Amino acid sequence: MTALTKATVSQAVFGNIYDRISTNVTSVTLSDSTTSTIQTYTASFPDKEMDTKSNYPICVINTPSLSWENFSLTKKQVVGTFEVDIYTTKAESADLFSDAIINSIETYRFTLGNTDKMVWVNLESTAYDSVMRGKIKVHMKSCTFSFRFKFTKSAGT
Amino acid sequence: MPIRIQVRGVEQVYSFMRRLPKQLNEQIGKKGEQFMKNIQKSAKLRAPRWTGQLAQSIKLESTKNEWKIVVDSPYGYFQEFGFRPHFIQLGTPTRSGFAVADWAASKGMRSSWQGSIFVSKHTPFIAPALEMNITKLPIMLQQGANQAIINARK
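Here is what the cut-offs are and how they apply
Residues numbered from 1 in each chain as written. Chains lettered and ligands numbered in written order. Predicted model: local features only at pLDDT ≥ 70, side-chain atom pairs only at ≥ 80, totals over all residues. Helix = DSSP H or I, 4+ residues; strand = E, 2+ residues; numbered from the N terminus. Buried ≥ 20, exposed ≤ 12 C-beta atoms within 10 Å, placed from the backbone. Contact = placed C-beta atoms within 7 Å. Domains from an automatic or database assignment. Nonpolar A, V, L, I, M, F, W, Y, C, P; charged D, E, K, R; others polar. Expected span 1.5 Å × (residues − 1). Arc of directions from axis to C-beta. Axes fitted to C-alpha atoms, helices over the stretch in contact; angles between N-to-C directions. Parallel < 35°, antiparallel > 145°, perpendicular 65-115°, else oblique. Left-handed = near helix turned anticlockwise from the far one by under 90°. Core = buried A, V, L, I, M, F, W, Y, C linked by C-beta atoms within 7 Å. Pairing = 2+ DSSP bridges.

Looking at the overall build of chain A
Point 1. Helix and strand content of chain A: 3 helices and 8 strands.
Point 2. The secondary structure elements of chain A, listed N-terminal to C-terminal, are α-β-β-β-β-β-β-α-α-β-β.
Point 3. In terms of principal-axis extent, the alpha carbons of chain A reach across some 60 × 30 × 25 Å.
Point 4. Within the span of chain A, comprising 157 residues, buried residues form 35% of the whole.
Point 5. In chain A, 59% of the contacts between residues at least 6 apart in sequence involve partners at least 24 apart.

A few points about the interface of chain A and chain B
Point 1. Between chain A and chain B, the residue contacts involve 11 residues of the former and 13 residues of the latter.
Point 2. Put simply, the parts of the chain that give the side of chain A that touches chain B at least two residues each are strand 7 (119–133) and strand 8 (136–152) of chain A.

Focus: the domain arrangement of chain B
All names here are of chain B.
Point 1. Once the domains are mapped, chain B shows domain 1 (34–83 + 123–154) and domain 2 (84–121).
Point 2. Placing a centre on the C-alpha atoms of domain 1 and another on those of domain 2 gives a separation of 30 Å.
Point 3. Here the side of domain 1 that touches domain 2 is built from residues that sort into 4 nonpolar, 2 polar and no charged.

What about helix 1 (residues 9–24) of chain A?
Residue and element names in this part refer to chain A.
Point 1. End to end, helix 1 covers 22 Å across 16 residues, agreeing with the expected 22 Å (1.5 Å per residue, within 8%).
Point 2. Residues of helix 1 that are buried: Val-9, Ala-12, Val-13, Asn-16, Ile-17, Arg-20 and Ile-21. Projected down its long axis, helix 1 carries its buried residues within an arc of 145 degrees, all on one side.
Point 3. Against strand 3 (40–42), strand 4 (58–61), strand 5 (65–70), strand 6 (75–88), helix 2 (91–107) and strand 8 lie the buried residues of helix 1.

Quick word on the packing of helix 1 (residues 10–46) of chain B against helix 5 (residues 126–134) of chain B
Residue and element names in this part refer to chain B.
Point 1. Contact geometry of helix 1 with helix 5 gives a least axis separation of 8 Å together with a crossing angle of 135 degrees. In terms of orientation, helix 1 lies oblique with respect to helix 5. Relative to helix 5, helix 1 is oriented so that their crossing is right-handed. Residues Phe-35, Asn-38, Ile-39, Ser-42, Ala-43 and Arg-46 of helix 1 lie in contact with helix 5, whose contacting residues are Ile-126, Pro-128, Ala-129, Leu-130, Met-132 and Asn-133.

Looking at the nonpolar core
Point 1. Ranked by size, the top nonpolar core spans 34 residues in total, and within it A:Val13, A:Ile21, A:Cys59, A:Val84, A:Phe97, A:Ile101 and A:Met118 carry the most contacts.
Point 2. Listed by contribution, the elements that provide at least two residues to this core are helix 1, strand 4, strand 6, helix 2 and strand 8 of chain A.
Point 3. For this core, the leading source of residues is strand 8 of chain A, giving 6 residues.
Point 4. Discounting chain neighbours no more than four positions away, the residues touching A:Cys59 are A:Ile21, A:Val25, A:Ile38, A:Tyr41, A:Val84 and A:Ile86.
Point 5. Of all hydrophobic cores here, the second largest spans 11 residues; its members include B:Phe35, B:Ala55, B:Ala129 and B:Met132.

Notes on unusual backbone geometry
Leave glycine aside and you will find that most residues have negative phi; peptide bonds, for their part, are mostly trans.
All names here are of chain A.
Point 1. Tyr-56 connects to Pro-57 through a cis peptide bond whose omega is 0 degrees.
Point 2. Within the secondary structure, Pro-57 is located in the loop between strand 3 and strand 4.
Point 3. The residue Ser-33 is not glycine, and still its phi comes out positive at about 70 degrees.
Point 4. In this fold, Ser-33 is placed in the loop between strand 1 (27–29) and strand 2 (35–37).
Point 5. Residue classification places Ser-33 among the exposed residues on the basis of 6 C-beta atoms within 10 Å.
Point 6. Despite not being glycine, Lys-117 has its phi angle at roughly 70 degrees, a positive value.
Point 7. Mapping Lys-117 onto the fold places it in the loop between helix 3 (109–114) and strand 7.

Brief notes about the pairing of strand 2 (residues 66–71) of chain B
All names here are of chain B.
Point 1. Here strand 2 lies mainly on the outside; 0 of its 6 residues are buried.
Point 2. Pairing geometry for strand 1 (residues 58–63) and strand 2, over 6 bridges, is antiparallel. Looking across to strand 2, one finds that Lys-59 is bridged to Val-70.
Point 3. Hairpin connection from strand 1 to strand 2: 2 residues lie between these consecutive antiparallel strands, with Asn-65 at a positive phi of about 55 degrees.

So, in structure tokens, the structure goes:
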């Protein structure tokens, strides 16, 4: 895990969330007692053809979006969001994985705040989509989180 | 008997009214961006894939308070809006570094570069993505407006 600095916000946020999700969210057990295990962790949904069931589930940890605002006379605040998407072939597993992702981030909030300096981590929204791709139906669940990070302004600015 | 009326909190109301437009602009802008990102993601998921060029070309462009989804692929228009069914020579380039014959071979249709195939099917990807997400827009705007009111009160 890497503590955020003003020079490395994007990469540190991505790295921390990627490490956390890939360690903690690996598989879920469905109501029919089958286990669904994530096949790929990636930074963006593959652009190539993904029309076979064995390619899924895919977990996409998107690169964060950032903006700045003034926090005090000497400090600025990064207000950012990061999104974690899960693509599965079963609606139930999409729900179970999104719950697992949310729970993983929630239980990690203390470490994120104290060690990594990512504070006010909150779930902003979730979104669902489904589409037929070839012979399979792909279910997508997207979880959007917000966070803040404070840093000291450069002298003279 | 004189009646004395005391109004308290005028300063706070004034401050709230001053902050509200800026907050509304900011929060509605954030929700607008999120809405467009959802459409982009949904369109990418729906786009037909072979080389991946079409899905890759679906981009979100933003200027001040304006977001646009741009499909920068030569066949994006035809997949979205359709075309007249026609025969196409297998040797015709696909404009993505391949020929129609390569595509036909990958689908197990034809392996030769001679002759032609009949094409008639197109797969819209922007309109279905918009249809799927547009129902969520009023809720997102409502959430943005509520957040703006909360922020303006602080």
